[in-house]
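Structural features, examined
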Amino acid sequence: MTMNRKCVLFSMFLVVLLLMACGEEGDESNQGEAQPDVEEDELFIPIISKGFQHQFWQAVRQGAEQAAEEYGAVITFEGPESESNVDRQIDMLRAALDNQPDAIGFAALDSQASIPILQQAEDSGIPVVAFDSGVDSEIPITTASTDNKAASALAAERMAELIDGEGQIGLIVHDQTSITGVDRRDGFVEYMEEHFPAIEIVDIQYGGGDHLNSTDLAKTILLAYPDLRGFFGSNEGSAIGIINAVNELNKAGEVVVVGFDSGDLQMEAIRSGVMAGAVTQNPVGIGYETVKAAVQAVKGEEVEELIDTGFFWYDQSNIDDEDIQAALYE
């Protein structure tokens, strides 16, 4: 065999090895999370959240795990690193469906982007339970969530009382693609426009639920409107961003800050007086009701079309009350 022929054969061998390696990597990248060990009498229910970085989602997970243990289910709980990463969440949803679950719990970052995959789930007879935020579709058999419009209207009412029904205010909202973001924004704005025309909403910005982005946006608004009297943050990350901005610009005590959700920093800000108060959801209840509804659906039992998990206003006067403490998370 000549040297040239040996070189050609060796080159071909290397190409084959490279193609095989690429093929294996491609197969691996298309696989979702491996299904956990599930006993014959257990149900497998993956839960796809909007994220995991905020304490709110960890409280939702806690409730989901409680229900899973009680109802004989095995769950997974995951979400993208950022609540603006819709594509990553869609990948997680697709991977969950590939694992052939008994049901799926899903909190949509985008109310429309997930519909094609949810349609596949419905076509396969897999019940979908929406939680926290629904989708623009009738595919989910139910949604376990807060009445976000009513909750943010309550925040607006408290804000109006605290600034004597007049003045300029700003909003930092976590997004404008999820139903929670839209409902909390609209519930707040519509209540103000209807009941307090002397209150002017000068700016609404969207921080993606990220406290650093929200801090920068809130500082920009505060600098642009030095007479700003109030600020509303629509979720934990948004509210923390406002708290940071108010503190950094020495506006604490001058600007009335009203938030949504809880968490260590918001509760600390309320106790110290930097934040006037906030609306808290029932995140443990949201997780619990999501898994409970999924199990009921798999078993063919009747499930309510909408599961209202409730909300509360809390401030310095009631933050330590027993019923409020039960709905707060650290």
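Remember, predicted model here, so these are calculated numbers, not experimental data.

Moving on, we come to the sheet that holds strand E10 (residues 277-280). On the basis of which strands lie adjacent, the open sheet formed by six strands has the order E7-E6-E8-E9-E10-E12 and mixed pairing. Every interior strand has two partners, whereas the edge strands, strand E7 (199-206) and strand E12 (312-315), have only one. Strand-to-strand, the axes of this sheet are offset by a mean angle of 20°, without reference to chain direction. In this sheet, E7 lies alongside strand E6 (residues 167-173) in parallel orientation, the contact comprising seven bridges. Each residue of the ladder has a partner; that of Leu171, found in E7, is Ile204. Of the strands in this sheet, E6, strand E8 (230-233) and strand E9 (256-260) are in contact with helix H8 (residues 236-248), which crosses E8 at around 150°.

Take the sheet that holds strand E11 (residues 306-308) next. Pairing within the open sheet is parallel, and its six strands lie in the order E2-E1-E3-E4-E5-E11. Because the sheet does not close on itself, it has two edges, and the strands there are strand E2 (73-78) and E11. With direction set aside, neighbouring strand axes in the sheet form an average angle of 20°. Across three bridges, the pairing between strand E5 (residues 142-145) and E11 is parallel. In the strand pairing of E11, Ser145 is matched with Asp308.

The predicted model of the protein chain averages 89 in pLDDT, with 89% of residues at 70 or higher. The low-confidence segment residues 1-33 (pLDDT under 50) makes seven contacts with residues lying over four places distant or belonging to another chain.

Turning our eyes to something else, we now look at the nonpolar core. Inside soluble globular proteins, nonpolar side chains tend to come together where they are buried. Ile45, Ile47, Ile75, Phe131 and Val291 are the most contacted members of the largest nonpolar core, which has 28 residues in total. Aside from chain neighbours lying at most four places away, what touches Val291 is Ile45, Ile47, Ala64, Ala67, Ala68 and Ile75.

A word on the environment of Gly277. Checked against the element boundaries, Gly277 lands in strand E10. Overall, Gly277 belongs to the buried group, its relative accessible area being 0%. Between the C-alpha atom of Gly277 and that of Val258, which follows or precedes it by 19 residues, the distance is 5.3 Å. Excluding its chain neighbours within four sequence positions, the residues that come into contact with Gly277 are Val257, Val258, Gly259, Ile270, Trp313, Tyr314 and Asp315.

On to the packing of aromatic side chains. Using the criterion set out here, one finds five aromatic pairs in the structure. Ring geometry for Phe56 versus Trp57: centroids 4.9 Å apart, planes at 85°, classification edge-to-face. Taken individually, Phe56 and Trp57 each receive the classification buried, so the pair is uniform in this respect. With 5.8 Å between their ring centres and 70° between their planes, Phe56 and Tyr329 make a pair best called edge-to-face. A residue pair is termed long-range when its members are at least 10 positions apart, and Phe56 in helix H2 (residues 55-71) and Tyr329 in the segment after helix H11 (322-325) qualify at 273 residues. Residue class for Phe56 comes out buried when judged on its relative accessible area of 4%. One aromatic cluster is present, formed by Phe56, Trp57 and Tyr329 through successive ring pairs. The aromatic ring of Phe260 is capped on one face by Arg184, whose charged end is 4.0 Å from the ring centroid.

Cut-offs used in this document
Residues numbered from 1 in each chain as written. Predicted model: local features only at pLDDT ≥ 70, side-chain atom pairs only at ≥ 80, totals over all residues. Heavy atoms only, no water. Pairing = 2+ DSSP bridges. Helix = DSSP H or I, 4+ residues; strand = E, 2+ residues; numbered from the N terminus. Axes fitted to C-alpha atoms, helices over the stretch in contact; angles between N-to-C directions. Contact = heavy atoms within 4.5 Å. pLDDT = per-residue confidence, 0-100. Core = buried A, V, L, I, M, F, W, Y, C linked by side-chain atoms within 4.5 Å. Buried < 20%, exposed > 50% of the residue type's maximum accessible area, 1.4 Å probe, protein only. Phe/Tyr/Trp six-rings, centres within 6.5 Å; stacked < 30°, edge-to-face > 60°. Lys NZ or Arg CZ within 6 Å of the ring centre and 35° of its normal.

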